[in-house]
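Architecture and fold: a report
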Amino acid sequence: MEVENSTVVTEFILLGLTQSQNAQLLVFALVLIFYLIILPGNFLIILTIRSDPGLTAPLYFFLGNLAFLDASYSFIVAPRMLADFLSDKKVISYRGCITQLFFLHFLGAGEMFLLVVMAFDRYIAICRPLHYSALMSPRTCYALLLALWLGGFAHSIVQVALILHLPFCGPNQLDNFFCDVPQVIKLACTDTFVVELLMVSNSGLLSLLCFLGLLASYTVILCRVKGHSSEGKNKAISTCTTHIIIVFLMFGPAIFIYTRPFRAFPADKVVSLFHTVIFPLMNPMIYTLRNQEVKASIRKLLGQHRVC
């Protein structure tokens, strides 16, 4: 029977995060709390930035897009994960798996590129303040936004194309709570060494290079602000520190997952949980809690609606 050019598997069985009932209930409650409390906070950030005419600087434009990307990213895995906790049989179709994988890498890469753009914005604002308005015009911001969306799409379509060329004839049990490249390619009925190498080069190398580039850029920025006035220096350091925290939260798990051979480690599922569910909801909140202008605008917006 020929299986090399055809996909026999029509669905995958997800083994889930853990087999412990108590642990499943704990994770279910944790994810649900994040969804009910922090996810609305992300939409509040978007609404605040869109409605306040005082938050029109490129920094806030990109922060609003970060909140949108993170909120969208959180819808890829978490809703199905919550439903699977209440189901005895956790099954996802082959097409559903590929779709989930596509959007996971599409939005994930888009966010990585957005963090690079935000670092570029901070570099221009701090190191070349006299040219900031000209270099970071609204037209430039929209062009950068379009570029990061296209970059995310290009990255993701390569991932999906490599998966679609693999034959799947069984087994069909994915040792995770969602579909991702490392687990899916293990189930292919062929030698996947070359595909694994391409995947590491694509996702792993991209994550590592962006991470190192961002750390280098923020190091340069922090060195440049030493000569600024005390007030300007404190604000710049606060902003850059926030960005660096997000860089570690975003790229740390991605590097752990994608820059090594695709072998299972005990910490894989826990890292994946924080990478796909917890951190995306926290990122915009961390920015907001350290940004006085956005916090003041949120309080003003909530106060107006309370009066009404």
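Note that the coordinates shown come from a computational prediction; the quantities given were computed from them, not determined experimentally.

Attention now moves to the environment of Met199. Within the element layout of this structure, Met199 appears in helix H7 (residues 193–224). When its relative accessible area of 1% is taken as the criterion, Met199 is described as buried. Here the alpha-carbon distance between Met199 and Gly303, two residues 104 residues apart in the chain, equals 49 Å.

This brings us to the side chain of Lys90. Tracing the backbone shows Lys90 in the loop between helix H2 (58–85) and strand E2 (91–93). For the buried Lys90, no salt bridge is present, and the opposite-charge side chain at shortest range is Asp84, 6.6 Å distant. Among the polar contacts made by the side chain of Lys90, one reaches the main-chain carbonyl oxygen of Ser87 at a distance of 3.4 Å. Filtering out sequence-adjacent residues up to four positions away, Lys90 remains in contact with Phe12, Ile13, Leu14, Gly16, Gln24 and Asp84.

Looking now at H2. With 28 residues, H2 extends 41 Å between its outermost C-alpha atoms, agreeing within 8% with the 40 Å of an ideal straight helix rising 1.5 Å per residue. Where H2 bends most, at Phe75, the angle is about 40°, and the proline Pro79 comes one to four residues later. Where burial is concerned, most of H2 is hidden: 21 out of the 28 residues are buried.

Any aromatic ring pair is given by two values, namely how distant the centres are and how the planes are angled relative to each other. Taken as a whole and assessed by the stated rule, the structure comprises 17 aromatic pairs. Look at Phe102 and Phe153: their rings are 5.9 Å apart centre to centre, the planes differ by 80°, and that puts the pair in the edge-to-face class. Separated by 51 residues along the polypeptide, Phe102 in helix H3 (residues 94–127) and Phe153 in helix H5 (residues 138–164) bring together distant segments of the chain. Phe102 sits in the buried class, given a relative accessible area of 16%. These aromatic residues form a ring-pair network of at least three members: Phe102, Phe103, Phe106, Trp149 and Phe153.

Counting residues in each nonpolar core, the largest one holds 96 residues, and the members touching the most others are Phe12, Met81, Leu115, Ile163, Phe168 and Phe251. At 17 residues, H3 tops the list of elements feeding residues into this core.

Right, let's get into the sheet that holds strand E3 (residues 173–174). Ordered in space as E2-E1-E3, the three strands form an open sheet in which the pairing is mixed. The sheet is open, and its two edges are formed by E2 and E3, each paired on a single side. Pairing between strand E1 (residues 11–14) and E3: two bridges, direction parallel. For Ile13, the partnering residue across the bridge sits in E3 and is Gln173. The strands touched by H3 within the sheet are E1, E2 and E3, with E2 carrying the most contacts at an inclination of about 85°.

Attention shifts here to the UniProt feature "transmembrane region" (unreviewed entry) in the protein chain. Per the UniProt entry, the sites bearing "transmembrane region" (unreviewed entry) are residues 25–47, 59–78, 98–120, 141–168, 205–225, 237–258 and 270–289 in this numbering. End C-alpha to end C-alpha, residues 25–47 measures 33 Å, and it is 100% helix and 0% strand. Secondary structure content for residues 270–289 is 100% helix and 0% strand, and the end C-alpha separation is 26 Å.

On the surface, Leu32, Ile33, Leu36 and Ile37 cluster together into a nonpolar patch covering about 400 Å² of accessible area. Take Leu32: it is sitting in helix H1 (residues 21–51).

For the rest of this paragraph, the subject is the pairing of E1. The two faces of E1 differ: Phe12 and Leu14 on one face are buried, but Glu11 and Ile13 on the other face are not. The sheet contact formed by E1 and E2 spans three bridges and is antiparallel. For Ile13, the partnering residue across the bridge sits in E2 and is Val91.

Counted under the stated rule, the structure contains two disulfides. Cys97 shares a disulfide with Cys179; S-S distance 2.1 Å. Torsion about the S-S bond of the Cys97 and Cys179 cystine: about -120°, corresponding to left-handed handedness. Taken together, the positions of Cys97 in helix H3 and Cys179 in the loop between E3 and helix H6 (181–185) put the pair 82 residues apart, joining distant regions of the chain. By sequence order of its bonded cysteines, the protein chain has the disulfide arrangement 1-3, 2-4.

Cut-offs applied
- Residues numbered from 1 in each chain as written.
- Predicted model: local features only at pLDDT ≥ 70, side-chain atom pairs only at ≥ 80, totals over all residues.
- Heavy atoms only, no water.
- Helix = DSSP H or I, 4+ residues; strand = E, 2+ residues; numbered from the N terminus.
- Buried < 20%, exposed > 50% of the residue type's maximum accessible area, 1.4 Å probe, protein only.
- Lys, Arg positive; Asp, Glu negative; His and termini not counted.
- Salt bridge = Lys/Arg side-chain N within 4 Å of Asp/Glu carboxyl O.
- Polar contact = N/O pair within 3.5 Å; in protein donor to acceptor, adjacent residues only side chain to side chain.
- Contact = heavy atoms within 4.5 Å.
- Expected span 1.5 Å × (residues − 1).
- Bend = angle between axes of the 7 residues up to and from the residue.
- Phe/Tyr/Trp six-rings, centres within 6.5 Å; stacked < 30°, edge-to-face > 60°.
- Core = buried A, V, L, I, M, F, W, Y, C linked by side-chain atoms within 4.5 Å.
- Pairing = 2+ DSSP bridges.
- Axes fitted to C-alpha atoms, helices over the stretch in contact; angles between N-to-C directions.
- UniProt positions renumbered as here; feature names shortened; annotations may be inferred.
- Patch = residues over 30% accessible without salt bridge, like charges linked within 9 Å, V, L, I, M, F, W, Y side chains within 5 Å.
- Areas by Shrake-Rupley, 256 points an atom, 1.4 Å probe, with all protein chains shown as cover.
- Disulfide = S-S within 2.5 Å.

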